[in-house]
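Observations on the three-dimensional arrangement
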Amino acid sequence: MRWTLIRQQHERQKLQREYAKTQQGKKLGIYIHIPFCRSKCAYCDFYSLANREDQMDRYLSALTTHLKETAPQAKSRIVDTVYIGGGTPSILGAKRIAALLGTVKGNYHLSRDCEITMEANPDSVDLTLLKRIRRAGVNRLSLGVQSANDAELRTIGRPHGFAQAVEAVSLARKAGMGNLSLDLIFGLPGQTMADWQHSVEEMLKLEPDHLSCYGLQIEEGTPLYDRREDYTFAGDDDQADMYLWMVQRLKQAGYDQYEISNFAKPGSRSRHNLRYWRLEEYIGFGPGAHSDFGGRRYSFVRDLNAYLKGVEEGGPIVDDDQVIPPEERLNEYLMLSLRTVEGIDGDWYSRRFHMNFHPLEQLLRGYAQRGLAAEENGRWHFTPEGFLLSNSLIVELLEAQEHNTIDSLLGQAGRKT
């Protein structure tokens, strides 16, 4: 039995070495989740915790251990994006953030042009912090502004006013932050088209390099969901009008749409988020963080205490782990690629998945006749009008793909007999 176990261990190590050779020099992203917040926003269903500042040093220590333990698995990779998200990472403070990035740089091979993003709230930054994190390597800042209307901000439980957001943008520029992104939400309680237009115009005055603009999602289990009967919300048609107006206005202002909700000036697209939509590999760290690495998809427990204890004591911290079958990759390619203006390449689809693209192309041509899709240089993508209906359109494409897969398998079986 002992020799059998030793032999199996050697086989696993051999396979790991062979896999590492095939991955030499490939790009990798790192996501680090910071679950701390000063207060919980009314609409937020991300894993985040208020009033847990007493756990920050212990958490930093656990992250440091976890990053170091995982590093050997990525020694053949080049990390070209790092994203520190939350929660509100900025409330960790500059010293902890610098230490965290020092651990990343000391244990992973970062590219010279590595994009390092950190999320922050306008109320949680000052010039000293911004200068220190810039020196530590953060070269892209994502500020959660959400609205230019203070009444709207109060309704959704944001801890800042718009004046603080304006000041935060000014401080970020003074600190040398050359790539600045602002988050906005439309469809907020009581928000009218005029309110939304005002928020967008105020954001444009701040001249960010990137804008992420999301429609409000009222998620079960959030305070906003519990109080949803107390507010009026824009209907589907009104939200569609807000979205289409925004797309046109941002285009006019020089922001190219590259994904359903994301807009950027030339050279300022989020490279880290693009890797999700392009099915590129990334490793996540922290409670609730997800990874897509080595042909496996896995996530960690959404429980700070369980994560801390697991890292410190060498116990289990993974709550889901699965090998990704080819048919699931096929579905992911459709779902994620069609979120972007790059869309899907029919020739690449056929080569990569050994599938006939014609059934999907027929559907896409029908969408194009309705103004919902377009073909450019052999790639199909949704139009802004198509993005509004993307959930239902993608379901139709997935159903066509499923029939296509069954037909392909039956054809293979017929040829074998």
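Described below are features of the structure shown in this document. (Residues numbered from 1 in each chain as written. Predicted model: local features only at pLDDT ≥ 70, side-chain atom pairs only at ≥ 80, totals over all residues. Heavy atoms only, no water.)

Turning our attention to the overall build of the chain. A count of helices and strands for the chain gives 16 helices and 17 strands. Taken against the 2.2 N^0.38 rule, which gives 22 Å for 417 residues, the C-alpha radius of gyration of the chain at 23 Å falls within 12% of a compact globule. Counting only C-alpha atoms and orienting by the principal axes, one finds that the chain spans roughly 70 × 55 × 40 Å. The buried share among the 417 residues of the chain stands at 49%. (Helix = DSSP H or I, 4+ residues; strand = E, 2+ residues; numbered from the N terminus. Rg over C-alpha atoms; globule rule 2.2 N^0.38 Å. Buried < 20%, exposed > 50% of the residue type's maximum accessible area, 1.4 Å probe, protein only.)

Looking at where Ser199 falls in the secondary structure, it is placed in helix H7 (residues 193–205). With relative accessibility at 1%, the residue Ser199 sits in the buried group. Not counting residues within four places of it along the chain, the set of residues in contact with Ser199 comprises Ser147, Ala148, Asn149, Glu152 and Leu184. (Contact = heavy atoms within 4.5 Å.)

The next thing to look at is the packing of aromatic side chains. Using the criterion set out here, one finds 18 aromatic pairs in the structure. Cluster of aromatic residues (ring-pair linked, three or more members): Phe36, Tyr59, Tyr298, Phe300 and Tyr307. Taking the ring centre of Tyr225 as reference, the NZ or CZ of Arg228 above it sits at 3.9 Å. (Phe/Tyr/Trp six-rings, centres within 6.5 Å; stacked < 30°, edge-to-face > 60°. Lys NZ or Arg CZ within 6 Å of the ring centre and 35° of its normal.)

Right, let's get into the pattern of salt bridges. Within the structure shown, the criterion is met by 20 salt bridges. Asp57 is the salt-bridge partner of Arg96, the closest N and O atoms lying 2.8 Å from each other. You can see Arg96 sitting in helix H3 (residues 94–107) and its partner Asp57 sitting in helix H2 (residues 56–70), a full 39 residues away along the chain. Connected through shared salt-bridge partners, Asp292, Arg297, Glu328, Arg329 and Glu332 make up one network. (Salt bridge = Lys/Arg side-chain N within 4 Å of Asp/Glu carboxyl O.)

Attention now moves to a positive patch on the surface. A contiguous patch of positive charge, built from Lys95, Lys131, Arg132 and Arg135, is present on the exposed surface. Sorting elements by how many residues they give to the positive patch places helix H4 (residues 127–136) first, with three residues. With respect to the helices, strands and loops of the structure, Arg132 is situated in helix H4. Using a relative accessible area of 37% as the deciding quantity, one classes Arg132 as partly exposed. (Patch = residues over 30% accessible without salt bridge, like charges linked within 9 Å, V, L, I, M, F, W, Y side chains within 5 Å. Areas by Shrake-Rupley, 256 points an atom, 1.4 Å probe, with all protein chains shown as cover. Lys, Arg positive; Asp, Glu negative; His and termini not counted. Charge placed at Lys NZ, Arg CZ, Asp CG, Glu CD.)

So, on to a negative patch on the surface. Together, Asp236, Asp237, Asp238 and Asp241 line one region of the surface with negative charge. Looking at the element boundaries, Asp238 is found in helix H9 (residues 236–252).

The next thing to look at is the sheet that holds strand S16 (residues 373–376). The strand order across the open sheet formed by three strands is S15-S17-S16, and the pairing between neighbours is antiparallel. In this open sheet, the two edge strands, each paired with only one partner strand, are strand S15 (344–345) and S16. (Pairing = 2+ DSSP bridges.)

Right, let's get into the packing of H2 against H3. Between H2 and H3, whose axes approach to 10 Å, the crossing angle comes to 10 degrees. Relative to H3, the element H2 lies roughly parallel. Packed against H2, whose contacting residues are Met56, Asp57, Leu60, Leu63, Thr64, Leu67 and Lys68, the element H3 presents Arg96, Ala99, Leu100, Thr103, Val104 and Asn107 at the interface. Of the residues that constitute the contact of H2 with H3, the class distribution is seven nonpolar, three polar and three charged. (Axes fitted to C-alpha atoms, helices over the stretch in contact; angles between N-to-C directions. Parallel < 35°, antiparallel > 145°, perpendicular 65-115°, else oblique. Nonpolar A, V, L, I, M, F, W, Y, C, P; charged D, E, K, R; others polar.)

This paragraph deals with unusual backbone geometry. Cis geometry is adopted by the peptide bond preceding Gly87, which originates at Gly86 and carries an omega value of 20 degrees. With respect to the helices, strands and loops of the structure, Gly87 is situated in the loop between strand S4 (78–86) and H3. The backbone phi angle of Glu207 is positive, close to 55 degrees, even though this residue is not glycine. With respect to the helices and strands, the residue Glu207 is situated in the loop between H7 and strand S8 (210–215). Notably, Asn377 is not glycine yet its phi reads approximately 55 degrees, a positive angle.

Let us look at the nonpolar core. The biggest cluster of nonpolar side chains holds 105 residues, and the ones touching the most others in it are Tyr108, Ile133, Leu141 and Phe382. In this structure, Cys44, Ile156, Leu188 and Leu216 belong to the second largest nonpolar core, which totals nine residues. (Core = buried A, V, L, I, M, F, W, Y, C linked by side-chain atoms within 4.5 Å.)

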